[in-house]
Each structure stands twice: as structure tokens, then as C-alpha cells.
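# Residue-level structural notes
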Amino acid sequence: MYVQSSIQLLLTIRRVAELKKFFNVNGSCNPQIHYMIDLSERLSEIKKMIDAGEYFTINRARQYGKTTLLAALAEYLKSDYKVISLDFQTISYGDFENEEKFVAAFSNEILISEYDIPEDIRSTLLHLADGKERNVTLSVLFRTLLQWCRISEKPLVLIIDEVDTATNNQVFVDFLAQLRAYYLRRMQMPTFRSVILAGVYDVRNVKSKIRPEENHRTNSPWNIAAKFKIDMNFSVDDISGMLNEYEQDYQTGMDVVEIAEMIYSYTSGYPYLVSCLCKMIDEDIKGESKTAWSKQDVLTAVKMLLNDKNPLFESLIGKLNEYPGVKNLIYRLLFRGENIGYNPDDSGIDMAEMFGFIKVRNGNVYIANRIFETRLYNMFLMSTDEQEKDVYREGARLKNQFIHDGALDMWRILEKFVEYFDDIYGDRDEKFLEADGRRYFMLFLKPIINGTGNYYIEARTRNNEQTDMIIDYLGQQYIIEMKIWHGNAYNERGEKQLSDYLEYYHVDKGYMLSFNFNKNKKIGVKEVVLGEKLLIEAVV
């Protein structure tokens, strides 16, 4: 039997070796068959936490690489620890109905997942898993697990993925309480060296999700958890390493660092988005060609991704509909350009961060990445209600006037927007203009570039007074600064700043759209030469 198993293992290894590597966006990644980043530095940092005996949670948004990291971690630890690695997705909702069912299901999962179990422990788990014994409690399960910890040659580490599955169940809260109790007694008796729980929701707050009709207890059963500070976003170096491995296989001649930087600029290193763009370039754009991976290929992949219907985007949109506070926060960031400070006690900010909508930088919150930002803009602007607005219809009606030889006539776009906006909204009050002026310009622009180009807001300059919009259209970039008018001196500073941004983006022409509340304002479009840069200014 041992010889047969060895032969089967060798055959499996040979089949894996014969597979061509590819970029994976479905499920866990395996370095033998997938192009992926080097996780060794992150794994080393996590092992330090485990060596220190810390219990912790890995909370990240959907498709953030949690499962891949946990699989790699289990392999990384096996020389020093006995790792019990479980996935709560395999335990049904009914198994959390009471302790008896949960103990049976949990025991069964250990038996399925682990082959190297001491014989007496296996015998007990088999007995618990058959479900025949009545009135079995969590204490019986934990006595078995503690006995395993006591006799094991290596310290035990418990890893549970997709722990969100259990968070609405009282049995799970009691399970956490047991883990906590034995953690606190770890100096008096053998217990798990470390416990790692992974999911989207922070199980430290799980108590508030149980029995909403009762008074919430403020002491969480998981308040022993250490903070997990390891960055799971891919860096430019991470992406470059993955692309270098790909380049060794295909010799496309790509500028690896340039492409890695560009991919990072759109994704901010969100693992799923990085892999999606790479997969689209490799399989949908490159195809059988040996030459691909240009900057234009990245832009094409971005456009494809923004139009893709995938589980991540569906989850994001679903969360907006489920949590109005999060939707309101996103709207304020996108269309009102509000400078919102990070407040961890604000439920909307807390949920938006947990679901991956936002990132925190220098004490303020921002949309997590350009891909999310553009997709969210599209969601708001392309809704049926928004497309019914006159300003959207006007942009669609005039679309053919604005495109010549594959390029946008931005002067004409600004000119027509100024005329239309002043006719329809010129008598509105300042509050209306400040809150909605930018959104109406984006509504006007959307049908003009829809299907061919995209736009995003440059987060470095977004605040209450000005917003830089970058339009990507058939390989050309158009930089537009949208701002609130605060006098000539302020305007001149804005011109100089826009000129600096044009230098950064290596373009010679830029555009400025000012919303002026002065009753004596002079609307229209004009040219301003600033050094070697040409600025087209529109005032509405």
C-alpha cells in the first residue's frame, strides 16, 4: 500500500511539472502551477508571531489572497509545528445549531484534513464525529484537543479559514470563549501555540452580531487577539518578481518595472486585481502573440476589467446596497471630494475599510484604488436614474462633435458643458454647485467616452476645493483640474499646480474647470500659456 501511494504521488508530481504556469484568479494559488509573488518575507513575519505564541485574526476583503497565504503558511510551518488547517466553508449552517452537531462536524473536518493524527486522538475524534453520542459539549472536544497538544512532539497551530461562515452563531462564540480560556491558562497547561482565524469580518466584534434584541456585551470572547499588521497588498517589487518569472518563460521583451509600476498605479496592489490584469493581458490580449505587455495593453486590460462581471465587483456593489452608511461615505468621497478623516468608531468607515472600499493614509480615508474608484463612478453614473438626467442625454446627443481622428476635442467638450450647465443650472445656489457640479460634468462626459475610455480621480489632489481627473482615451491622457473658484490669486496657484502635474504626466496641454459662485463671473473657455505648457480654462 505504501509503494502504491508513493507511485501515485510521483505521478501527481510529474503531471504538475508538465503543466504550464498561468495567472490564477480562482481560488488558492500554487507556486508550482501559478505565477505568483514571493511570500517568503511575509511568511517569516507571521512565523515570528506564531513563535511568540500569539493568537490573531487575518481580516481582509474578499479575494485578497488570504487562502493562498494560509496554504503557504501551513507548508512553511510544518518543519517546526503540527498545523491543523481547517476551512469553515465545509461546515454547514445546521452544524452550528448546537454544541453536539458542531463537535461532530469539527471532529470530522479534522479527520478529513489531517492524516498525521495520534491513534488515540483519532479514535476519540472518530467517536465524536459519528454523532451517535448525545449531549456532547465543547468541553469534550477541547479535552481531546488539549490531550493532542500534550502528547504532540511539535507544538500545535490551529488555522481556520473563512471563519465568517460561523460568526452569526452562538456556538461559535462559545468556541471562541473556550480558545480564550485555554490561552489565558497556557502557562499552566499545554494548548495551541497559536490560533489563526481568517475572514472578512473581524471576529473580535462578533459579539455584536449575536442576539441583537439583547443588550450587547462589550467584552469580546476574542479580545486576546494580537494585531495583524502585515501588508498583504502587492508592492511594485512583488509584481516585478512575478512578471520576471513570466518573462523568463515567454521572452516578450516587456519593460518589467514599467509594467509593474503601471499595474500598481491602477490596483494599489490589490491581489485579485493585479492577477486579473495580468491574466487578461496574457490570455485575452497577448493570445498566441509573443509580443505584448505594452502600456497600451495594460490600459486595454483595465478597460476590460472595468466592464467585467466578476464576484469581487458583485460583492462590492452588494455591500453598498446592504449598508447605506458605506454607500453615503463612498458618494461623499467620489462626488463631493470631501476630506474625511479616519474615525475607527464611525460604523460607515469601519465597514468600508473592512470590505476593502477604502484605505487610510495620513489620517484620511481614500478609495482603495483606481479600479474600484472608476467602477464605483460607473455604478453611480450609469444607473437608470442618472442616465435619465438631461445632462447625460445632452452629452450623448453631442457625442459626435467631440471625437476627431480617435482623439477627444476637450476644448469643445468644455465649451458645450459650460453653455449647457449655465443655461440649465446657472441660477442654482452655491450649495448645489459645490455638491453636484463635479458630478454633472462627469455625467456629461460619461456617454462621450463610454466604451472606449475611462477616467479616474487622482487621489493625491482630491480635497474640498479641487479635483484632478485623468481621462484615458485610446492611449492618450487628458488632465482636468476641477475646482471651486476662490479668486484670482488662488486660481493662479491652481494654474501653476496643474502645470506641475502636466510635467509629471509628460503632457503639454491641460484643462481646468472652475465652478465660480461670483454673480459677476465671466463664463467661457480661454487659453493660458504657462511656460511650455498650454492650459485650457473653462469657467462656469
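These remarks concern the structure in this document. This structure is a prediction, so every number in the text was calculated from the model and none was measured.

## Looking at the packing of aromatic side chains
If you walk through the whole model with that rule in mind, you get 37 aromatic pairs. Ring centres 5.8 Å apart and planes at 15° place the aromatic pair F142 and Y182 in the stacked group. Remark: Y182 occurs in helix α7 (residues 170-184) and F142 occurs in helix α6 (residues 138-151); sequence separation between them is 40 residues. In terms of burial, F142 and Y182 fall into one category: buried. Considering the side-chain rings of F313 and F372, the 6.5 Å spacing of their centres and the 75° angle between planes classify their relative orientation as edge-to-face.

## Details of the sheet that holds strand β2 (residues 82-87)
Spatial strand order, β1-β4-β3-β2: 4 strands in an open sheet with parallel pairing. Two strands bound the open sheet, and with one partner strand each, they are β1 (56-59) and β2. The average undirected angle you get between the axes of adjacent strands in this sheet is 15°. The strands that helix α2 (residues 40-51) touches are β1, β3 (156-161) and β4 (194-199); relative to β1, the one it contacts most, it runs at about 150°.

## Structural notes on α6
Across its 14 residues, α6 extends 20 Å between first and last C-alpha, which sits within 8% of the 20 Å expected from 1.5 Å per residue. Along α6, the positions that sit buried rather than exposed are L138, L141, F142, T144, L145, L146, W148 and C149. Next to the buried residues of α6 lie β2, α4 (99-113), α5 (119-129), β3 and α7.

## A word on the side chain of D238
Mapped onto the secondary structure, D238 falls in helix α8 (residues 236-250). Other than its neighbours up to four places away in sequence, D238 contacts I37, D38, R42 and N233.

## Details of the nonpolar core
Formed by 136 residues in total, the largest nonpolar core has its most connected members in L243, W293, I330, F357, F441, M469 and I471. Among all residues touching I471, those that are not within four sequence positions of it are L408, M410, L445, I449, N454, Y455, Q476, Q477, Y478 and I480. The next biggest cluster of nonpolar side chains, apart from the first, holds 44 residues, and it includes Y55, I110, L138 and F175.

Definitions and cut-offs
- Residues numbered from 1 in each chain as written.
- Predicted model: local features only at pLDDT ≥ 70, side-chain atom pairs only at ≥ 80, totals over all residues.
- Heavy atoms only, no water.
- Phe/Tyr/Trp six-rings, centres within 6.5 Å; stacked < 30°, edge-to-face > 60°.
- Helix = DSSP H or I, 4+ residues; strand = E, 2+ residues; numbered from the N terminus.
- Buried < 20%, exposed > 50% of the residue type's maximum accessible area, 1.4 Å probe, protein only.
- Pairing = 2+ DSSP bridges.
- Axes fitted to C-alpha atoms, helices over the stretch in contact; angles between N-to-C directions.
- Contact = heavy atoms within 4.5 Å.
- Expected span 1.5 Å × (residues − 1).
- Core = buried A, V, L, I, M, F, W, Y, C linked by side-chain atoms within 4.5 Å.

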